[in-house]
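Each chain, letter by letter, is given below.
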Amino acid sequence: MKFETLAIHAGQEPDPNNGAVMTPVYFTSTYMQDGVGKPRQGYEYSRTKNPTRKALEDCLAALEGGSFGLALSSGLAAADTVLRLMDKDAHVLAGNDVYGGTFRLFDKVLRRFGLDFDFVDTTDPESVAEALTPRTRLVWLETPTNPYLRVTDIRAVAEVVHAHANHPLLVVDNTFATPYLQRPLELGADIVVHSMTKYLGGHSDVVSGALVVKDQALYEKLAFLQNAVGAVPGPMDCFLVLRGIKTLPVRMDRHAENAAAILALLENHPKVERLMYPHHPSHPQIKVAKQQMKSGGGIVCFIVKGGQKSSHKLVESTKIFTLAESLGGVESLIEVPAAMTHLSTAGSQMEVDPGLIRLSVGIENKDDLVQDLEQALAKA
Ligand SMILES: Cc1ncc(COP(=O)(O)O)c(C=O)c1O
């Protein structure tokens, strides 16, 4: 089946008891057993397994071209679960432009448990090769990155990482691209991570995360952690994401179409210092972006002239773009990462330009969006 069909049907059969077409929300923490240690259909306790969550996990596996999916309570819970595969003193190599919360988890929390992190420019596979050490067990990259939208050649980095004697795991955060645009497992990644809070959910009404893998042994280790640590989403959250995923392809096409209209406004605008978008001719990694991403997606970033004062004025002047954190919903959002989502990177090597503005271009009418941004730029 093709992606659009899988998005609607994978993991989801009409209910065998009554024919319900939509996956029921199984609000249950426990399940009747037919005898001691004889659970029906393998369900014992909902931290371990829940039918609504199972439908979502199977759907995610199909969409990413993997074999197993795991739903977690947030994108960061998914990241934390992956890092718990590591033993004390392991070295982890991560991109130097990852989401601020991922950086905070690595730098401020997991370092305290004896993990060692280095942050490098993953857009250059040579830098990754040079930074691998005999203790490196995991390489973490995000592509496109949040917020600079830098693009890493997943296949090239996978070759470098898998050639290393330790066989570190290659993890790709696919939140910005979604499996509709980019499928990291097919390019050599071992684990795909998602904040499903974003495009997969698609309606800014749920916080959730996911992991997808191909390898059964790796899946079993992660499923053990999912249950042992317990950062699982509730059944309603799983239902909301499942419902959101059904429209992922149409939403992503419309996000990209609207982003193109916004780019046309910004590319020659006198107040724009720099534009960032994976499929824009000015993007330094456009060749790789075109190879591994079906479209440039729905996030557009730019640096407005005049620094912080100007960026704050602009984001406070829009009427349709809502000033808010997060991204990937049907509604357009605008924010200043340096002062909002990426505040935790202040003073670090990952500090963000105070004039950088991130747009999550929604699926409203594109002319309305362009007009809104135009009037806000005039005020900046
Ligand atoms: C690329 C990326 N990864 C991970 C996360 C964390 O996800 P969550 O907020 O669901 O914990 C985010 C959140 O903004 C993100 O943008």
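That block above? That's the structure.
Please read all numbers here as calculations on a predicted model, not as lab measurements. (Residues numbered from 1 in each chain as written. Predicted model: local features only at pLDDT ≥ 70, side-chain atom pairs only at ≥ 80, totals over all residues. Heavy atoms only, no water.)

Draft legend 1. The overall build of the protein, seen in detail. Of the regular secondary structure elements, the protein holds 13 helices and 12 strands. Taking 380 residues into account, the globule formula puts the C-alpha radius of gyration at 21 Å, and the protein, at 21 Å, falls close to it. Along the longest, intermediate and shortest principal axes, the C-alpha atoms of the protein span 75 × 55 × 35 Å. Burial status across the protein gives 55% buried among its 380 residues. Taken as a whole, the protein presents about 15900 Å² of accessible surface, with 52% of it coming from carbon and sulfur. With 37 positive and 44 negative side-chain charges, the protein shows a spacing of 2 Å between the two charge centroids. (Helix = DSSP H or I, 4+ residues; strand = E, 2+ residues; numbered from the N terminus. Rg over C-alpha atoms; globule rule 2.2 N^0.38 Å. Buried < 20%, exposed > 50% of the residue type's maximum accessible area, 1.4 Å probe, protein only. Areas by Shrake-Rupley, 256 points an atom, 1.4 Å probe, with all protein chains shown as cover. Lys, Arg positive; Asp, Glu negative; His and termini not counted. Charge placed at Lys NZ, Arg CZ, Asp CG, Glu CD.)

Draft legend 2. Highlighting unusual backbone geometry. With an omega of -5°, the peptide bond running from Thr 143 to Pro 144 counts as cis. Note that Pro 144 resides in the loop between β4 (136–142) and α6 (154–163). Look at the link from Asn 146 to Pro 147: it is a cis peptide, with omega at 15°. With respect to the secondary-structure elements, Pro 147 resides in the loop between β4 and α6. Backbone geometry places Asp 89, a non-glycine residue, at a positive phi of 75°. In this structure, Asp 89 sits in the loop between α3 (75–83) and β2 (91–95).

Draft legend 3. Region of interest: the pairing of strand β6 (residues 191–195). Where burial is concerned, most of β6 is hidden: five out of the five residues are buried. With burial as the criterion, each face of β6 is covered, one bearing Ile 191, Val 193 and Ser 195 and the other bearing Val 192 and His 194. Here strand β5 (residues 169–173) pairs with β6 via three bridges, running parallel. The residue of β6 that forms the bridge with Asp 173 is Val 193. (Pairing = 2+ DSSP bridges.)

Draft legend 4. Focus on the side chain of His 91. Tracing the backbone shows His 91 in strand β2. Among the polar contacts made by the side chain of His 91, one reaches the side chain of Thr 136 at a distance of 2.7 Å. Excluding residues within four positions of it along the chain, His 91 makes contact with Asp 116, Asp 118, Ala 131, Thr 133, Arg 135, Thr 136, Arg 137 and Leu 138. (Polar contact = N/O pair within 3.5 Å; in protein donor to acceptor, adjacent residues only side chain to side chain. Contact = heavy atoms within 4.5 Å.)

Draft legend 5. Spatial organisation of the environment of Val 330. Secondary-structure assignment places Val 330 in the loop between β10 (322–323) and β11 (333–335). Val 330 sits 76 residues away from Arg 254 along the chain, and the two C-alpha atoms are 9.6 Å apart. Ignoring any residue separated from it by four or fewer positions in sequence, one finds Val 330 in contact with Gly 202, His 203, Arg 251, His 255, Gly 362, Ile 363 and Glu 364.

Draft legend 6. Just the sheet that holds strand β3 (residues 116–120), in detail. One open sheet accounts for seven strands, arranged β1-β7-β6-β5-β4-β2-β3; its pairing is mixed. In this open sheet, the two strands that pair with only one neighbour each are β1 (68–72) and β3. Adjacent strand axes in the sheet meet at a mean angle of 20°, parallel and antiparallel pairs treated alike. In the packing of helix α2 (residues 51–63) onto the sheet, contacts are made with β1 and β7 (209–213), and the angle to β1 comes to roughly 130°. Strands in contact with α3 are β1, β2, β3, β4, β5, β6 and β7; relative to β6, the strand with the most contacts, it is inclined by about 155°. (Axes fitted to C-alpha atoms, helices over the stretch in contact; angles between N-to-C directions.)

Draft legend 7. Local environment of the pattern of salt bridges. Taken as a whole and assessed by the stated rule, the structure comprises 11 salt bridges. When the shortest N-O distance is used, the salt bridge between Glu 257 and Lys 366 registers 3.2 Å. Placement of Glu 257 in helix α10 (residues 248–266) and of Lys 366 in helix α13 (residues 366–379) is noted, with a sequence separation of 109 residues between them. We classify Glu 257 as partly exposed; its relative accessible area is 43%. One continuous salt-bridge network, built from bridges that share partners, spans Asp 107, Lys 108 and Arg 111. (Salt bridge = Lys/Arg side-chain N within 4 Å of Asp/Glu carboxyl O.)

Draft legend 8. Spotlight on the packing of α2 against helix α9 (residues 235–246). At a minimum axis distance of 8 Å, the contact between α2 and α9 shows a crossing angle of 35°. Considering the relative orientation of α2 and α9, their crossing is left-handed. Side by side, α2 and α9 meet where Thr 52, Arg 53, Ala 55, Leu 56, Cys 59, Leu 60 and Leu 63 of the first sit next to Pro 235, Cys 238, Phe 239, Val 241, Leu 242 and Ile 245 of the second. The class makeup of the residues in the contact of α2 with α9 is 11 nonpolar, one polar and one charged. (Left-handed = near helix turned anticlockwise from the far one by under 90°. Nonpolar A, V, L, I, M, F, W, Y, C, P; charged D, E, K, R; others polar.)

Just geometry here; none of it tells us what the structure is for.
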